[in-house]
Amino acid sequence: MENLEEKCREARGLLGQMPKAALGFFPTPFYQLQRLSKELGVNLYIKRDDFTGMNLFGGNKIRKLQYLIGDAMAKGCEYVFTFGATQSNHAMQTVSACRRWGLKPVLYLVAIVEPDEENLRSNLLLDKIMGAEIHVVKMEPGESEEEAEERSVRMAREHIKRLEAEGHHCYEVPMGGASPAGTAGFVEGYVEFVEQALDMGMEPDYIFHGTGTGGTLAGLVAGKVLTGSKAEIISINVSWKDEGYQERVRGLANRSLEMIGAKARVDTVKDIHTDLNYYQPGYEMPNEMAREGILLLARKEGLLADPVYTGKAFAGMLDYIRSGKVPQGSNVVFWHTGGATALFAEKEILGDLV
């Protein structure tokens, strides 16, 4: 225990040297779900990163944006560009962070599910209310999501070139905030979590969360090796990933550790465990297991998950517990990354939830 405490202090010292913009409210709540613990036969805890703030619709990206916006401001930037789907939680949180610090947000959003311009919903509506400059990139016939995303980045970079030619300074935030600076936000998040667990006298065995672009995952595993935590992190994919995904996550985690001056390094085989069995039929496409998980969490604990990220991650965790992959009596943590705004998105995203 003393070793963990000392490593947390050392980690905070390293992180404290980086530029950081104050956003949100930390630490986020961490507590046991009593009713579900009894039903499932494990000690189930929840880390409430849906409570990060800074507005009512916070989530995991706020941790990353503290360091990303801090970096942008340190570099004297005026505009912040980022990417995602039209209902991207990351994009919406980026807009709110920019507004907090007087930066100009520009979004390039791929219409995986095409929005109704006459009836804007959920995060896209919030983006509009906060006055973001929004460019909706419609998918072309036969184009994959990945190809559309790459095209949106090319379009944004042309836009950046035009602005910089006029004398404006621009900052590009990759999709999901998955950069070394952004990843540092979840290194700090893991340190915060270890400190809370120590205060409770609880040693976590497993941590479950949803992973998309990989920035949150990279930060969690980097935080794990930095603190010496023994918890096994199980990352439930919310979209298809190729065989190189885990190696890219390792690279991102280690670049972030190097950036803050840490000597610890992440190992792909030892530290990164992802699962592609729960995302189908695709990103922003609902499935029955997620539906069941969302309803169970809502009706047993009064908490809300979403059909895109946390619902699928929660469903994966339930399957691990019920199938015995997670032994009975284990201390299990569900890291709630936010995103419940998707419950108010288009029908194609929500599915037949009720």
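Quick caveat, the model's predicted, so the values are computed rather than measured.

Chemist: What am I meant to see in the overall build of the chain here?
Modeler: Broken down by element type, the chain carries 13 helices and 10 strands. In terms of overall dimensions, the chain has C-alpha extents of about 60 × 50 × 35 Å along its principal axes. Classification of the 354 residues of the chain by burial places 58% in the buried group. Computing the positive centroid from 39 side-chain charges and the negative centroid from 49, the chain places the two 3 Å apart.

Chemist: I tried to follow the pattern of salt bridges on my own but got confused; where do I start?
Modeler: Side-chain pairs of opposite charge can arise where the charged atoms are in close proximity. As enumerated under the stated definition, the model contains 21 salt bridges in all. Arg12 is the salt-bridge partner of Glu188, the closest N and O atoms lying 3.4 Å from each other. Of this pair, Glu188 sits in helix H7 (residues 180-200) while Arg12 sits in helix H1 (residues 2-15); the two residues are 176 residues apart in sequence, bridging distant segments of the chain. In this structure, Glu195 and Arg12 form a salt bridge, with 2.9 Å as the shortest nitrogen-oxygen distance. Separated by 183 residues along the polypeptide, Glu195 in helix H7 and Arg12 in helix H1 bring together distant segments of the chain.

Chemist: Help me understand the sheet that holds strand E10 (residues 331-336) in this model?
Modeler: Within a beta sheet, neighbouring strands are joined by backbone hydrogen bonds and run either parallel or antiparallel to one another. In spatial order, the strands read E1-E2-E10-E7-E8-E9; together these 6 strands make up an open sheet with mixed pairing. Single-partner strands in this sheet number two, and they are strand E1 (30-32) and strand E9 (274-275). Where strand E2 (residues 43-48) and E10 come together, 6 bridges link them in parallel fashion. If you follow Asn43 over to E10, its bridge partner there is Asn331.

Chemist: Could you clarify how one ought to interpret the packing of helix H8 (residues 215-227) against helix H9 (residues 245-260) in this entry?
Modeler: For any two helices packed against each other, the geometry is given by the interaxial angle and the distance between the axes. The geometry of H8 relative to H9 is characterised by a closest axis approach of 8 Å and an angle of 55° between their N-to-C directions. With respect to H9, the axis of H8 lies oblique. In terms of crossing hand, the pair formed by H8 and H9 is right-handed. Here Gly215, Leu217, Ala218, Val221, Ala222, Val225 and Leu226 of H8 lie close against H9, whose contacting residues are Tyr245, Val249, Leu252, Ala253, Leu257 and Ile260. Split into classes, the residues belonging to the contact of H8 with H9 amount to 12 nonpolar, 1 polar and no charged.

Cut-offs and rules
Residues numbered from 1 in each chain as written. Predicted model: local features only at pLDDT ≥ 70, side-chain atom pairs only at ≥ 80, totals over all residues. Heavy atoms only, no water. Helix = DSSP H or I, 4+ residues; strand = E, 2+ residues; numbered from the N terminus. Buried < 20%, exposed > 50% of the residue type's maximum accessible area, 1.4 Å probe, protein only. Lys, Arg positive; Asp, Glu negative; His and termini not counted. Charge placed at Lys NZ, Arg CZ, Asp CG, Glu CD. Salt bridge = Lys/Arg side-chain N within 4 Å of Asp/Glu carboxyl O. Pairing = 2+ DSSP bridges. Axes fitted to C-alpha atoms, helices over the stretch in contact; angles between N-to-C directions. Parallel < 35°, antiparallel > 145°, perpendicular 65-115°, else oblique. Left-handed = near helix turned anticlockwise from the far one by under 90°. Contact = heavy atoms within 4.5 Å. Nonpolar A, V, L, I, M, F, W, Y, C, P; charged D, E, K, R; others polar.

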